[in-house]
Amino acid sequence: IKMGFISGRMYMNDIMYTGILLPPEVKLGFEKLFPDYFELDNVFCHHVTLNYLPNSVAIEKTEFGKEVLVEFTKVYKNDKVAVAVCTFDGERQYNVEHPHMTISTAENVLAVESKNLLKKIREVGFRNLPYDEIPECHMWYHEAYPTYSGTIVVFNHNNEVVRS
C-alpha cells in the first residue's frame, strides 16, 4: 500500500496510526537493561502509539514533527509480550488510554496484546491477577526514569513513517 496525497492530504485508508517515533537508542538501552525481554520472537521497541486508525479530525489535530519527551516508568513481561509503560508530554491531549511501547512479542502474538495486558492490570489490579498470569515487573524511582525524545509521526500499514 502506497501513501497517496491529494492537495497535500494523505489518503486516510493508508494511515494505520499516529505515534511517537523513538530513536534507536531506546532499543539499545532496553536491551542492555532487560536482555531476556528480547528473547521473544518479534522485536518492536520503536514507537508509542497515539491514535490507532485515526479519523480525519484526529489527523488534522496532530502536531506532526513535534518533539516529545517520553519517560518509561515500568516494564512488564509474560510469555506473550514485553511492554514498557510510559508517560509523555501531551498524553492527555491525545487521550491515550494505556501509554506504552511494545518491546517484543512471542510468535503469532500481535503487538496489541501489550495494551491488553496493561488494560487487565489496570482493571483488576496487579496484585489481584491470577497467580499464573502475574507478569514479571520492574519499576524505576522517579529520578531514574529512562527518558528519550521522540517525534510525532504517521505510520502506514507496514509500520513505515509516512509523515513527520
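Higher on the page you've got the structure.
As the structure is a prediction and not an experimental result, all values here were calculated from the model.

Caption draft 1: The environment of Glu-136, seen in detail. The residue Glu-136 is located in strand E9 (residues 136-139) in this model. Along the chain, Glu-136 and Val-75 lie 61 residues apart, while their C-alpha atoms are 8.1 Å from each other. Setting aside residues no more than four positions away along its own chain, Glu-136 makes contact with Asp-36, Tyr-37, Val-75, Tyr-76 and Lys-77. Of the polar contacts made by the side chain of Glu-136, one reaches the side chain of Tyr-37; its length is 3.3 Å.

Caption draft 2: Geometry of the pattern of salt bridges. In this structure the tally under the stated criterion is 2 salt bridges. The residue Glu-63 makes a salt bridge to Lys-66 at a minimum N-O spacing of 3.5 Å. Glu-63 gets classed as partly exposed once you look at its relative accessible area, which sits at 32%. Its salt-bridge partner being Glu-133, residue Lys-120 comes within 2.3 Å of it at the nearest N-O pair. Of the two residues, Lys-120 sits in helix H4 (residues 112-124) while Glu-133 sits in the loop between H4 and E9, which places them 13 residues apart along the sequence. Under the relative-accessibility criterion, Glu-133 is labelled partly exposed at 30%.

Caption draft 3: Region of the structure containing helix H1 (residues 24-33). Turning to H1, its buried residues number three or more, namely Val-26, Gly-29 and Phe-30. Considered in projection along H1, the buried side chains sweep an arc of 95° and stay on one side of the axis. Those residues of H1 that are exposed and aimed more than 90 degrees away from the buried face are Pro-24, Leu-28 and Lys-32. Close packing links the buried residues of H1 with strand E6 (67-77), strand E7 (81-88), strand E8 (100-105) and strand E10 (147-155).

Caption draft 4: Examining the side chain of Thr-151 more closely. Locating Thr-151 in the fold gives a position in strand E10. A polar contact is formed between the side chain of Thr-151 and the side chain of Glu-67, at a distance of 2.8 Å. Excluding residues within four positions of it along the chain, Thr-151 makes contact with Gly-19, Ile-20, Leu-21, Gly-65, Lys-66 and Glu-67.

Caption draft 5: Up close: the side chain of Asn-156. When you line up the elements, Asn-156 lands in the loop between E10 and strand E11 (161-163). Residue classification places Asn-156 among the buried positions, given a relative accessible area of 4%. A distance of 2.8 Å separates a polar side-chain atom of Asn-156 from the backbone nitrogen of Asn-158. At 2.9 Å, the side chain of Asn-156 forms a polar contact with the side chain of Glu-160.

Reading the values: rules and limits
- Per chain, residues are indexed from 1 in the order of the written sequence.
- The model is predicted, so local features are restricted to residues of pLDDT at least 70 and side-chain atom pairs to those at 80 or more, both for listing and for counting; the totals for chains, interfaces and linings are taken over all residues.
- By convention in this description, side-chain values take in all heavy atoms of the structure and omit both hydrogens and water.
- Here a helix means four or more residues in a row that DSSP labels H or I, a strand means two or more in a row labelled E, and each is numbered from the N terminus.
- By the convention used here, residues are in contact when the closest approach between their heavy atoms is within 4.5 Å.
- Polar contact criterion, stated in full: a pair of N or O atoms within 3.5 Å, where within protein one must be able to donate a hydrogen and the other to accept it, and residues adjacent in sequence count only if both atoms are side-chain atoms.
- Between Lys or Arg on one side and Asp or Glu on the other, a salt bridge is scored when a side-chain nitrogen of the former is within 4 Å of a carboxyl oxygen of the latter.
- Buried residues are those whose accessible area, probed at 1.4 Å on protein chains only, stays under 20% of the maximum for their type, while exposed residues exceed 50% and partly exposed ones sit between those limits.
- Within this analysis, the arc is defined by the directions that extend from the helix axis to the C-beta atoms.

That is the geometry; function is a separate question.
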